Amino acid sequence: MADSNNSDGRKEANSKACSSGGKQSGVSAEQVVAGFQRLRQEQRSMATKAAELEMEISEHSLVIDALKEVDPSRKCYRLIGGVLVERTVSEVLPALENNKGQISKIVDSLGSQMQTKGKELNEYRERYNIRIVGEDEAAGKAAVTKRESEGGGSKGGAGVLVS
């Protein structure tokens, strides 16, 4: 670390205290932030994938509903692995319903993985005392609004709570 050779050593001590909330001393602030950002990105990518799969489920549902009203012996075309193949509705419909069920299972699995990742993210935030910019202000405003709605709010809007 280039800054560890300060004349008074303040920068190194401050980065360790900020990164871990004074609990651990082996991790730099940059490493904590990078780990937190990595966890958030993993959670975002899971949410994106789940949304994509939900769209596929709705597309499957539309096609299934359309094919149920068609004669089972009618020809239809299906894209399989980039190749357009000719089948009958009676062959395609069960395969589509099966695919829809499999995609639903994957979405459920992703949902549970996102919950697990969310818990891991919250534990990481608590372990390293991470505060997100704007979060404390929003939480404070929500608490003040709740207290004001209960009748014990601030007088005069000066930000001072009177109980």
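- As annotated in an unreviewed UniProt entry, the protein chain carries the name Prefoldin subunit 2 and comes from Astyanax mexicanus.
- Looking at the Function (unreviewed entry) heading of the UniProt record, one finds this comment for the protein chain: "Binds specifically to cytosolic chaperonin (c-CPN) and transfers target proteins to it. Binds to nascent polypeptide chain and promotes folding in an environment in which there are many competing pathways for nonnative proteins."
- Per UniProt, the protein chain carries the Sequence similarities (unreviewed entry) text "Belongs to the prefoldin subunit beta family."

### Overview of a nonpolar patch on the surface
Moving on, step 1. Where nonpolar side chains cluster on the molecular surface, the patch consists of Tyr77, Leu79 and Leu84 and spans about 370 Å² of accessible area.
Moving on, step 2. Judged by relative accessible area, which is 59%, Leu79 ranks as exposed.

### Concerning the pattern of salt bridges
Moving on, step 1. Tallied over the entire structure, the rule returns five salt bridges.
Moving on, step 2. For Glu42, the salt bridge is made with Lys117, and the minimal N-O distance between the two is 2.5 Å. Here the residue Glu42 occupies a position in helix α2 (residues 29–68), and Lys117 occupies one in helix α3 (residues 89–127), the gap between them amounting to 75 residues.
Moving on, step 3. Glu42 gets classed as partly exposed once you look at its relative accessible area, which sits at 25%.
Moving on, step 4. Connected via shared salt-bridge partners are Arg38, Glu42, Lys117 and Glu120.

### Describing the pairing of strand β2 (residues 83–88)
Moving on, step 1. Direction of pairing for strand β1 (residues 75–80) relative to β2: antiparallel, over a ladder of six bridges. The residue of β2 that forms the bridge with Cys76 is Arg87.
Moving on, step 2. What sits between β1 and β2 in their antiparallel hairpin is a turn of two residues, with Gly81 showing a positive phi close to 60°.

### Quick word on the environment of Val70
Moving on, step 1. Here Val70 is to be found in the loop between α2 and β1.
Moving on, step 2. In this structure Val70 comes out as partly exposed when scored by relative accessible area, which is 23%.
Moving on, step 3. Along the primary structure Val70 and Val89 are separated by 19 residues, whereas in three dimensions their C-alpha atoms are 7.6 Å apart.

### Let's talk about the packing of α2 against α3
Moving on, step 1. Between α2 and α3, the least distance of the axes is 8 Å, while the angle of their chain directions is 160°. It follows that α2 is roughly antiparallel to α3 by the angle criterion. Along this stretch, α2 crosses α3, giving a crossing that reads as left-handed.
Moving on, step 2. Along the lines of polarity and charge, the residues of the contact of α2 with α3 split into 22 nonpolar, nine polar and eleven charged.

The rules behind each value
- Residues numbered from 1 in each chain as written.
- Predicted model: local features only at pLDDT ≥ 70, side-chain atom pairs only at ≥ 80, totals over all residues.
- Heavy atoms only, no water.
- UniProt positions renumbered as here; feature names shortened; annotations may be inferred.
- Patch = residues over 30% accessible without salt bridge, like charges linked within 9 Å, V, L, I, M, F, W, Y side chains within 5 Å.
- Areas by Shrake-Rupley, 256 points an atom, 1.4 Å probe, with all protein chains shown as cover.
- Salt bridge = Lys/Arg side-chain N within 4 Å of Asp/Glu carboxyl O.
- Buried < 20%, exposed > 50% of the residue type's maximum accessible area, 1.4 Å probe, protein only.
- Helix = DSSP H or I, 4+ residues; strand = E, 2+ residues; numbered from the N terminus.
- Pairing = 2+ DSSP bridges.
- Axes fitted to C-alpha atoms, helices over the stretch in contact; angles between N-to-C directions.
- Parallel < 35°, antiparallel > 145°, perpendicular 65-115°, else oblique.
- Left-handed = near helix turned anticlockwise from the far one by under 90°.
- Nonpolar A, V, L, I, M, F, W, Y, C, P; charged D, E, K, R; others polar.

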